[in-house]
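Structural overview for review
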Amino acid sequence: MLLSFIVRRVLWLIPVVLAVTTITFFLMHQTPGGPWDREKPVAKATLEALNAKFGLNKPVWVNVAAVRERWNSGERNPLRLTLAFLDSQYFRYLWGLVRLDLGPSYRSKGTESVQSILWRKFPTTAKVGLVATAFAVVVGIPLGVLGALRQNSWIDYLSLTVATLGVSVPSFVIGVLVVIGLSQLFGVKPIRAPEEWRGFSAAYLAPGIVLGLGTMSYLTRLTRSSMLEVIRQDYVRTARAKGLSEFRVVTRHMIRNALIAVVTVLGPAVAGLVTGSFIIETIFNVPGMGREYVVAIAACDYSMIMGTTLLYALFVAIANIWVDVMYGFLDPRIRG
C-alpha cells in the first residue's frame, strides 16, 4: 500500500515538471533583452549565427511558417507536417528535457552545459543548506519544546523573542549585519576566498546560520504551539496516571505527536535551504548555484534559468513526497 502511494506521488511529478517548465519558459521569454545583449553591440551576422546555432531563430511556441513552407513544397505526410509544426523553441526544450538534456549555457556560448554547471555549483549550495538545516532543527525544535514545557517562564519568553526576531527581520538585513559585525568588531573575514569553499570548512558557518535563522524561528514557534496542544490531550494525562516517567511521557507521547505538524513544513523548508538562497550567497560571495542563478537572470541565460528553476521545483516536490511518507511513521492512524 505504501509502495503504490509512493508510485502515484512520483507519477504526479510529471505534470508538475511540465507545468513549471511551461510557465517559466513563457514568462522568461516575455522579459526584455536576450542572451546576446551586451554593452558593445554584437554584429548582425554574428547574432544570426548564434541564434541559428542555439535554435533561438525558431518560433517560441509553434512553427506555423515551417508547416506552410512544407505544404507549399508538396509535403502531405502528417507525421512530417506535425514535426515541422512542433519545430519550435518550446518543444525542442521539452524534447531535450525528456532526454535529460538541459541544453548549453548561452552565457558560455555553448562551451559548458547546464548540467555541468549545476553539477559543479550545487555541492557548495548543498553544504550551505545542510548547515542551515542542521542549525534550524538542532536549535529550533528543542527551543520550542522547552518553551512549551516551561510556559510563561523566562525560557518561554526567550524562545518567543528569538523566534519573533528571526521571522521579522529579513535574512538579507541579518546577513549584512553579520558581515559588518564579524569584520569590524571581531576582525573576522566573512567573505572567503574561492579556495576556502572546497571541502567542508568554517566558511559555511556564517552563511549557513544566517540562511537557517528564519526556518529555525518558524520551527520554534510551530513546535511550541504543537507541544502546547499535545500537552492538554487525554492520552498524555493517561500516560502520567499510569506512572510513566516524565521523560518518557515527553519523548514518546508529546514530542512524537507534536512533530507531525513540524514535519509538514520541514520537508519543503529543507528543499528551499538546500537549493540555496540567492541573496545570502550573493552577500557572502558563495560560489554556489544561487549566485549562478542571479548571474543567469542578469545575462538572460534562458537554459540556465530553466535548469535551476526545474531543479528547485523537483526538490520541493520530492520533499512533499517525503513529508507524506513520514506521516505514516509518526502517526499510526495515518498508516491505517
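Residues numbered from 1 in each chain as written. Predicted model: local features only at pLDDT ≥ 70, side-chain atom pairs only at ≥ 80, totals over all residues. Heavy atoms only, no water.

1. Topic: the environment of Pro287
Rules: Secondary structure elements are taken from DSSP: a helix is a run of H or I of four residues or more, a strand is a run of E of two residues or more, and numbering for both begins at the N terminus. The criterion used for residue contact is that any of the two residues' heavy atoms lie within 4.5 Å.
Take Pro287: it is sitting in the loop between helix H13 (278-283) and helix H14 (289-298). Once the C-alpha coordinates of Pro287 and Gly175 are considered, the two residues, 112 residues apart in sequence, prove to be 16 Å apart. Aside from chain neighbours lying at most four places away, what touches Pro287 is Lys121, Thr124 and Trp197.

2. Quick notes on the packing of helix H7 (residues 114-149) against helix H12 (residues 246-274)
Rules: A fitted line through C-alpha atoms represents every axis, and for helices the fit uses only the stretch in contact; the resulting angles, taken between N-to-C directions, go from 0 to 180 degrees. Under this scheme an angle from 65 to 115 degrees is roughly perpendicular, one under 35 degrees roughly parallel, and one over 145 degrees roughly antiparallel; angles in between are oblique. The crossing is said to be left-handed when, going from far helix to near helix, the turn is anticlockwise and less than a right angle, and right-handed when the turn is clockwise.
Packing of H7 against H12 leaves a shortest axis separation of 11 Å and a crossing angle of 150 degrees. Here H7 is positioned roughly antiparallel relative to H12, judged by the angle of their axes. The two elements H7 and H12 cross, and the hand of that crossing is right-handed. Mapping the contact onto sequence places Phe122, Thr125, Ala126, Gly129, Ala132, Thr133, Val137, Ile141, Val145 and Leu149 in H7 and Val250, Met254, Ile255, Leu259, Val262, Leu266, Val270, Leu273 and Val274 in H12.

3. Considering H12
Where we set the bar: The span you would expect from a helix comes to 1.5 Å times its residue count less one. Bend angle per residue: angle between axes fitted to the 7 residues ending at that residue and the 7 residues starting there.
Relative to the 42 Å expected for 29 residues at 1.5 Å per residue, H12 spans just 36 Å between its end C-alpha atoms, considerably shorter than the ideal helical length. The principal kink in H12, of about 40 degrees, is found at Val262.

4. Some details on the layout of surface pockets
Note the cut-off: We place a 1 Å grid over just the protein atoms. Points where a 1.4 Å probe fits but has no way out form a cavity, open points with protein on both sides within 12 Å along at least 5 of 7 lines form a pocket, and any residue with an atom within 4 Å of a point lines it. Grid points are joined across faces, edges and corners, and a volume is the space filled by probe spheres set on the points. Ten residue types, Ala, Val, Leu, Ile, Met, Phe, Trp, Tyr, Cys and Pro, are classed as nonpolar, four, Asp, Glu, Lys and Arg, as charged, and the remainder, Gly among them, as polar.
Computed from the structure, the largest pocket encloses a volume of approximately 520 Å³. In this structure, the largest pocket is lined by 17 residues; those nearest its centre are Leu97, Leu100, Leu102, Leu311 and Leu314. Across the lining of the largest pocket, the residue classes break down as 15 nonpolar, two polar and no charged. In this model, the second largest pocket occupies a volume close to 390 Å³. Surrounding the second largest pocket, 21 residues form its lining, Phe54, Gln89, Arg92, Tyr93 and Tyr106 being those nearest its centre. Sorting the residues of the lining of the second largest pocket by element identifies helix H2 (13-30), helix H3 (44-54), helix H6 (89-98) and helix H15 (302-330) as the ones contributing at least two each. Among the elements that take part in the lining of the second largest pocket, H6 stands out by supplying five residues, more than any other.

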